[in-house]
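Residue-level structure breakdown
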Amino acid sequence: MKGKGIALLFTIFLFLTSASFAGTSQKDVNLLERSAQAGITVYWDPFSLSGVMEKNGRQISFKAGGDFALKNYSSIMNEKAPYLKDGVLFAGEKFMTAAINFFKEQDSLSQYKVGVIIIDPGHGGKDNGASASHVIKGKTVKVVEKDVNLKIGLKLCDCLKKAYPDKRIIMTRDKDIYLSLGQRTEIANSVKLAPNEAIVYVSIHVNASLDKNASGYEVWYLSPGYRRKVLNKDVSEDNDVNTIVNAIMEEEYTTESVLISKFITEGIKAQVGKLSSSRGIKAEEWFVVRNANMPSVLVETGFLTNPTEAVLLADEEYLQKVTFGIYNGLQAFVTHFERSRGFTVKNEK
């Protein structure tokens, strides 16, 4: 889809619709012109025939010719959705009135923001994770994954709390204790959010391999092929509608997870330089990313089975560099997310 301008990252199954492109009536208006007059931005994807109206961080999503639209991914707008005729988007006057009133009601709410960041240092307590012994500065040192994860997690938490005193920075563990995978995601999923808040989840790990030459850092996100239920409550009595709304939210989470992965990878690269190399971003169905109902990533900070990289992972200064890399990546995502008022789009050149 290169060269096609702004393309919305929505599933083409955005809504169940009967795409009836009826003729215009005297009560129908040009959607783009009327929206511009009201200060509403319209994003349109001609490939999936789906669009989003946005103002002050609030959205109305629709499928052209559909029987309804969706407000903020959570409630149904029962007016007929805009439709396409001769390459122009039209909307009924009732739809436009309802949309303008919706955005007016939302003007008093604060801007959509990342309100909570979950930091999950992997393993802990009786679960050491991976470990390996190496000779470092003439001494045999055992590098243990759970310890490295916690050190980075604590440093990251400190950085984020100083940078964002208005956000909740939550650690699944801040000491050497054991937590099951289920307990970790339960902590994240139980966080109560304000209507204008979003949440992200970052799990920190160290890699290991039978191949001692394996090295580098990588960031994982949930495979787009894995389907999960992320909708906390039904928005309609129609199960098909709920299924599609869930798919919309899941698509958004995937998009945001990919962005977080890219930003963190770039952040670490800028900090560690040639000391370690990027293995890229990858998709996998790790438990913590598939069961955390939010944008979520898993960071593998290096290979403790690699003699050279183990020395780095045992060095506080290097761990600080990795921490700054993750922090800068998260900061870049938060800035992007909040400047776009919670609406993630892809601009393809």
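Residues numbered from 1 in each chain as written. Predicted model: local features only at pLDDT ≥ 70, side-chain atom pairs only at ≥ 80, totals over all residues. Heavy atoms only, no water.

**Regarding the overall build of the chain**
For clarity, the cut-off: Secondary structure counts use DSSP, requiring at least four H or I residues in a row for a helix and at least two E residues in a row for a strand, with both numbered from the N terminus. Only protein chains enter the accessibility calculation, which uses a 1.4 Å probe; a residue whose area is less than 20% of its type maximum is buried, one above 50% is exposed, and one in between is partly exposed. Contacts are assigned to residue pairs with any non-hydrogen atoms lying within 4.5 Å of each other. Residue exposure ignores everything except the shown protein chains as possible cover, and the areas themselves are Shrake-Rupley values with a 1.4 Å probe.
Assigned secondary structure in the chain consists of 8 helices and 18 strands. Here the chain holds 349 residues, and 51% of them are scored as buried. Taking contacts inside the chain between residues at least 6 apart in sequence as the whole, the part at least 24 apart equals 73%. Put simply, the chain shows about 16,400 Å² of open surface, and 51% of that area lies on carbon and sulfur atoms.

**Overview of the environment of Gly325**
Of note, Gly325 is situated in helix H8 (residues 316-339). Gly325 sits in the buried class, given a relative accessible area of 0%. Along the sequence, Gly325 and Ala270 sit 55 residues apart, while their C-alpha atoms lie 7.0 Å from each other. Filtering out sequence-adjacent residues up to four positions away, Gly325 remains in contact with Ile264, Gly267, Ile268 and Gln271.

**So, the sheet that holds strand E5 (residues 58-63)**
Going by this rule: At least two DSSP bridges between two strands are required for those strands to pair. Angles shown run from 0 to 180 degrees and are taken between the N-to-C directions of axes, each axis being a line fitted to C-alpha atoms and, for helices, limited to the stretch in contact.
An order of E3-E4-E5-E6-E7 is seen for the 5 strands of this open sheet, with the pairing classed as antiparallel. Here the strands that pair on one side only, and so sit at the sheet edges, are strand E3 (41-45) and strand E7 (75-77). Recorded for the sheet is a direction-independent mean angle of 25° between the axes of neighbouring strands. By the bridge criterion, 3 bridges tie E5 to strand E6 (residues 69-71) in an arrangement that is antiparallel. By the bridge assignment for E6, Ile60 is matched with Lys71.

**Section: the sheet that holds strand E8 (residues 83-85)**
If you walk across this open sheet you meet the 3 strands as E2-E9-E8, and the pairing is antiparallel. Here the strands that pair on one side only, and so sit at the sheet edges, are strand E2 (28-30) and E8. Between one strand axis and the next, the sheet turns by 45° as a mean value, whatever way the strands run. With 3 bridges joining them, E8 and strand E9 (residues 88-92) adopt antiparallel strand pairing. Looking across to E9, one finds that Lys85 is bridged to Val88.

**Some points on unusual backbone geometry**
We note that His123 has phi near 65°; this positive angle belongs to a residue other than glycine. Of note, the phi angle at Lys137 is positive, near 55°, even though the residue is not glycine. Owing to a relative accessible area of 82%, Lys137 belongs among the exposed residues under this scheme.

**Describing H8**
To keep it simple, the criterion reads: To estimate the expected span of a helix, count its residues, drop one, and scale the result by 1.5 Å. By the criterion applied in these results, polar contacts are pairs of N or O atoms within 3.5 Å in which, for protein atoms, one can donate a hydrogen and the other can accept it, and in which residues neighboring in sequence qualify only through two side-chain atoms.
Taking 1.5 Å per residue, 24 residues should reach 34 Å; H8 reaches 34 Å between its end C-alpha atoms and fits that length. The N-cap of H8, judged by a side-chain oxygen 3.2 Å from the amide nitrogen of Glu317 a few residues on, is Asp315.

**Observations regarding the packing of helix H3 (residues 145-163) against H8**
Going by this rule: Should an angle lie under 35 degrees it is considered roughly parallel, over 145 roughly antiparallel, and from 65 to 115 roughly perpendicular; all remaining angles are considered oblique. With the far helix as reference, a near helix turned anticlockwise by less than a right angle produces a left-handed crossing, and one turned clockwise produces a right-handed crossing. Only Asp, Glu, Lys and Arg are considered charged in this grouping, and only Ala, Val, Leu, Ile, Met, Phe, Trp, Tyr, Cys and Pro are considered nonpolar; every other residue, Gly among them, is considered polar.
At their nearest, the axes of H3 and H8 sit 9 Å apart, and the two run at 50° to each other. Considering their axes alone, H3 and H8 lie oblique with respect to each other. Remark: the crossing between H3 and H8 carries right-handed chirality. On H8, the residues that touch Val148, Lys151, Ile152, Lys155, Leu156, Cys159, Leu160 and Ala163 of H3 are Glu316, Leu319, Gln320, Val322, Thr323, Phe324, Ile326, Tyr327 and Leu330. A per-class count over the contact of H3 with H8 returns 12 nonpolar, 2 polar and 3 charged.

**Comments concerning the nonpolar core**
Formally: The nonpolar core is taken to be a set of buried Ala, Val, Leu, Ile, Met, Phe, Trp, Tyr and Cys residues, with the residues joined through side-chain atoms within 4.5 Å.
Ranked by size, the top nonpolar core spans 43 residues in total, and within it Leu160, Ile264, Ile326 and Leu330 carry the most contacts. In this structure, Ile264 is in contact with Val219, Val297, Val299, Gly325, Ile326, Gly329 and Leu330, ignoring residues within four places of it in sequence. Ranked by size, the runner-up nonpolar core spans 19 residues in total, among them Leu31, Ile40, Met96 and Phe103.

**Thoughts on the pattern of salt bridges**
The line we're drawing: The term salt bridge refers to a side-chain nitrogen of Lys or Arg lying within 4 Å of a carboxyl oxygen of Asp or Glu.
Counted by the stated rule, this structure contains 11 salt bridges. One salt bridge connects Glu316 with Lys151, and the closest N-O pair in it is separated by 3.2 Å. In this pair, Glu316 sits in helix H8 while Lys151 sits in helix H3, placing the two residues 165 residues apart along the sequence. Residue classification places Lys151 among the partly exposed residues on the basis of a relative accessible area of 37%. Salt bridges sharing common partners tie together Lys151, Lys155 and Glu316.

**Examining the confidence of the model for the chain**
Any region with low pLDDT has predicted coordinates that should not be read closely. Counted only if it meets this: Per-residue confidence from the predictor is given as pLDDT, running between 0 and 100.
Mean pLDDT for the chain: 80, with 75% of residues reaching 70 or above. Residue range residues 1-23 is modelled with pLDDT below 50. Its contacts to residues more than four positions away, or to other chains, number 71 contacts. pLDDT under 50 marks residues 343-349. Its contacts with residues more than four places away, or in other chains, come to 27 contacts.

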